[in-house]
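Chain and residue survey
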Amino acid sequence: MTDDERLAHFEARIGRGEKIEPGDWMPPEYRRQLIRMISQHAHSEIVGMLPEGGWITMAPSLRRKLVLVAKVQDEGGHGQYLYHAAETLGISREEMIEALHSGKAKYSSIFNYPARSWADIGVIGWFVDGAAILNQTMLARSSYGPYARAMVRISAEESFHNKQGIEIVLALIEGTPTQRAMAQDAVNRWWWPTLMMFGPHDSESPNTPALVRWGIKTRSNDELRQEFVNQTVPQAEAMRLSLPDPDLRFDESTGNWRFGEIDWGEFWRVVGGDGPCNRERLQARRAAHEDGLWVREAMAAYAARA
Amino acid sequence: MSDTQWPRYEVFVQERPGRPHQHAGSVHAPDPEMALLNARDVFVRRPECASLWVAPSATVRGGTAEELSQLVAAPVSEEGSPDIEYLVFAKLEERGTLAHVGEVHATGPDDALAAAKAAASRPPLALWVVPAARVERTLPEEAASMFDPSRHKPFRDQAFYHIQTALRRLRRDPLPIASLQNRGKKR
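For the structure given in this document, a descriptive report is provided here.

Rules and cut-offs
Residues numbered from 1 in each chain as written. Chains lettered and ligands numbered in written order. Predicted model: local features only at pLDDT ≥ 70, side-chain atom pairs only at ≥ 80, totals over all residues. Heavy atoms only, no water. Salt bridge = Lys/Arg side-chain N within 4 Å of Asp/Glu carboxyl O. Helix = DSSP H or I, 4+ residues; strand = E, 2+ residues; numbered from the N terminus. Buried < 20%, exposed > 50% of the residue type's maximum accessible area, 1.4 Å probe, protein only. Contact = heavy atoms within 4.5 Å. Buried area = accessible area lost by both parts, 1.4 Å probe. Expected span 1.5 Å × (residues − 1).

1. Here we look at the pattern of salt bridges
- Going through the model one piece at a time under the given rule, you end up with 36 salt bridges over all chains.
- The residue Lys71 of chain A makes a salt bridge to Asp129 of chain A at a minimum N-O spacing of 2.9 Å. Here the residue Lys71 of chain A occupies a position in helix α4 (residues 62–87), and Asp129 of chain A occupies one in helix α6 (residues 118–139), the gap between them amounting to 58 residues.
- Arg156 of chain B is the partner of Asp74 of chain A in a salt bridge, and the nearest nitrogen-oxygen pair spans 3.1 Å. With Asp74 of chain A in helix α4 and Arg156 of chain B in the loop between α4 (143–147) and α5 (163–172), this pair bridges two chains.
- Residue Arg156 of chain B is classed as buried on the basis of its relative accessible area of 5%.
- One salt-bridge network, held together by shared partners, links Arg13, Arg16, Glu18 and Asp24 of chain A together with Glu66 of chain B.

Structure, rendered in structure tokens:
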């Protein structure tokens, strides 16, 4: 078969809804895009443990602490599922971790923002995990079998992440005026960065056409962002929390909540490495890796015992 | 040995007794015992597990439907009698994963894969054979210590949180924002 015939066969398989499995022929660009996406996704889970992990020892009750530990553990596990999925494409975990630690690899820009108060832990679960679930539910239908299966597993586990966050926010809004103000302050700071999580506008997103054509993604950044706004505005209204966007209004003709323009200058600045916490996050990852060296040495010595 | 790249082990999870072990993913570990512990930590944070198997990725021989179609029929290339036992895993549904479907005896991995393909009830979408002797398994008497801790963490399940009920209540009885200013400390 020529490469053109192979490509036609491959695209026909995707058209029929078949899953591509490791070992199947795939265009080099499909493999490259998947490695890029899956490894970024894995890094996001791993770096995503940091903003919340810092609050484990400061959780306001034992129950909240147990829940937060469980959530952060899930994120570590989800990173591992995803590194595995990427490894099936021929890249090694070591190469991916090296790319993260050297600053070469990207991860979700949202984790470069700080979690300043306990209310942030609630709003991260409500907004950030709510946004992540929309993206992951879409990716669970991805054409690449190992990625889709990792996403099915992750989506099933993550709905608790979103709900525990909403529960924290509900406790704060029904608490003292100070607690309510904490919740409002966290909403104000996380709203726009969360909308940026979905990535650039479709018209500005160079990877989207190939990703949609090959069934890696089945919905665009703007579609997912709109669905997030539509599901979150009524929740905020019920909680009587305001969202920091004067242009937010309901459009009767489309049934969508219209929202103001995102500050793309900020988005690209944070993606480019100049967000509030980029350096701190990478430093924490590198330190964790170096501090864990003795554990790896001990495990290797145990494995090598006579 | 490099810093992080220990050998990879494929992980198979049995959700309930009597169900087949299904491929869940892989872990890195310096030896099979550690691989089982890592597999438990990575793949079993929730109660749906009765047994775990791990096998070194390097011992797996397999192929997708596309690759199996190019497999030459009955390549009995290896010498000796077919006395090595292989576990067979097959992916039969597009949305499914590799699941344990049985065993074959063969003289080597290529024979085992050909025998597994010949024995399949319908053409598999992917097929793996793994030498049974290289599979490390949790023992029934270890199951309690390996898997019971996850049964005592109901807060890992979304049903633990009654968010929709709370939001419905707030829509029915909106928070009186003004009076919030005058509310005292904790009730």
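2. Considerations on the interface of chain A and chain B
- With 54 residues of chain A at the interface, the matching set in chain B holds 51 residues.
- Buried surface at the junction of chain A and chain B, summed over both partners, amounts to about 4900 Å²; 55% is from carbon and sulfur atoms.
- Inspection of the region where chain A meets chain B yields 10 salt bridges.
- For Asp31 of chain B, the salt bridge goes to Arg305 of chain A, with nearest N and O atoms at 3.8 Å.

3. Looking at helix α10 (residues 221–238) of chain A
All names here are of chain A.
- An ideal rise of 1.5 Å per residue puts 26 Å on 18 residues; α10 measures up with 27 Å between its terminal C-alpha atoms.
- Along α10, the residues that are buried comprise Asn221, Leu224, Arg225, Gln226, Phe228, Val229, Thr232, Val233, Gln235, Ala236 and Ala238.
- Directly beyond the C-terminal end of α10, a positive phi value near 55° is found at Arg240.

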